[in-house]
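Architecture at a glance
Residue strings, one per chain:
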Amino acid sequence: MVKNINEGRLHFTNVHKEGFENSEVVFIAVGTPQLPDGSANLQYIEAVAEQIAQEVTTDVVVVTKSTVPVGTNYRVEKIIRENLKNDVKISIASNPEFLREGSAVQDTFNGDRIVVGTDDAETAAILEEMYKPLNIPVFKTDISSSEMIKYASNAFLATKISFINEISNICEKLGANVEDVANGMGYDQRIGRNFLNAGIGYGGSCFPKDTHALVQIAGGVEHDFELLRSVIQVNNNQQRLMVDKIVSKFGSLEGKVISLLGLAFKPNTDDMREAASIVLAKELIAQGAKVKAYDPIAMANAKTLLPEAVTYEESVSGVLQNADAAVIVTEWDEFKNMNLKDLHTVMNEAVVFDGRNCFDEKVVTEAGIEYHSVGRKSIYTSKSLINS
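What comes next is a walk through the structure. Since we're looking at a predicted model, the values are computed, not measured.

**Re the layout of surface pockets**
When its volume is computed, the second largest pocket comes out at roughly 820 Å³. Along the wall of the second largest pocket there are 19 residues; nearest its centre are Asn 4, Arg 9, Leu 10, His 11 and Phe 12. When residues in the lining of the second largest pocket are grouped by element, the largest group, four residues, is from helix 5 (residues 104-109). A breakdown of the residues in the lining of the second largest pocket according to their chemical character gives nine nonpolar, seven polar and three charged.

**Overview of the pairing of strand 7 (residues 290-294)**
Among the five residues in strand 7, four count as buried, and that is most of the element. By the bridge criterion, five bridges tie strand 6 (residues 257-261) to strand 7 in an arrangement that is parallel. Along strand 7, the bridge assignment pairs Leu 260 with Ala 293. With respect to chirality, the unit in which strand 6 leads through helix 11 (residues 276-286) into the neighbouring parallel strand 7 is right-handed. Relative to strand 8 (residues 311-312), strand 7 runs parallel, the two being bridged by two bridges. Bridge pairing links Lys 292 to Thr 311 in strand 8.

**Some thoughts on the pairing of strand 9 (residues 325-328)**
A regular strand carries its side chains on alternate faces of the sheet. Here strand 9 shows no split at all, with Ala 325 and Val 327 on one side and Ala 326 and Ile 328 on the other all buried. Relative to strand 9, strand 6 is paired through four bridges, and the arrangement is parallel. Paired with Ile 258 across the strands is Ala 325, a residue of strand 9. Two strands pair when backbone bridges link them, and strand 9 and strand 10 (residues 351-354) are joined in this way by three bridges, in the parallel orientation. Paired with Ile 328 across the strands is Asp 354, a residue of strand 10.

Conventions adopted
Residues numbered from 1 in each chain as written. Predicted model: local features only at pLDDT ≥ 70, side-chain atom pairs only at ≥ 80, totals over all residues. Heavy atoms only, no water. 1 Å grid on protein atoms, 1.4 Å probe; cavity = no way out; pocket = protein on both sides within 12 Å on 5 of 7 lines; lining within 4 Å. Points joined across faces, edges and corners; volume = space filled by probe spheres on them. Helix = DSSP H or I, 4+ residues; strand = E, 2+ residues; numbered from the N terminus. Nonpolar A, V, L, I, M, F, W, Y, C, P; charged D, E, K, R; others polar. Buried < 20%, exposed > 50% of the residue type's maximum accessible area, 1.4 Å probe, protein only. Pairing = 2+ DSSP bridges. Right-handed = clockwise from strand over helix to strand, strands pointing away.

So, in structure tokens, the structure goes:
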């Protein structure tokens, strides 16, 4: 950013007229948060469309980058045309983003594909030329299909996660290892290994919002998306299953000190939206537990969402001190690189509930701790049995 600011390629402003001046392409990239009924809130999209209509002075391609329901681009076009102040040509295009939080810059330059949805070849050619330096395949389609591709992609990935989590629950009851199952499945090129990682469910700003929105989109055309409703329900249940495991271990959680390792919905971000830690903290406190928490960067955001009874520590050793159990909620490297043998000296009882399957069975056994993960057999070593 600094390099391109200094070389005059990148400029920031909060003045619309200045931002639109001499622009050939304008991207709409505002948020579309979830409404109470699960649908997407389009008020920010509509506000931007009105502003574009009032301020553009040259022919321009208006590209919607935001994740929006099918039909939104035409809605944007209608708003712009109804409010257009100057005699200019407006073209529209859908260009959804597929960037992962925490890896967005990497993904921008190393994407699998760029999706461009337009109704005319000239607009498609402008965007294809713009993206040419990235050397990423450009897939061109119509606007409605482009809008649907984003939702369908996220819904499918969420489905893979809920599927493997259901398999993990069966594995626990049958004594199978979900990691081996996922690896064995992943060798099949029709399936692939990505997103077959069992855990305590998905969270963040995309999957929860987009799955609910797609259910609403389907409902709007009188289609009951049963599969996706099940995916959402499985994900909601998965977070509470970890609490059930903790209760099964201790019986009563009254007065028990439970440490949460990680609060953000995934590593390398401070995003707390739909994070599993929110559900876990509320459930544990409701059952009488004393909850301590630590996250490398998300604690400031977490304090606005977690119950007031949660206390926060500034280090791994601090959050584990005198704890009766530790719960790995987010797979930060800091937690994956812990020396599990050290838990015996800092915790009241070296008991770990691993919601992200961070540790290999051999490492756990050598450390002599009690270890409960997802979709794998619990490990009770001689040391943990003696301590319990």
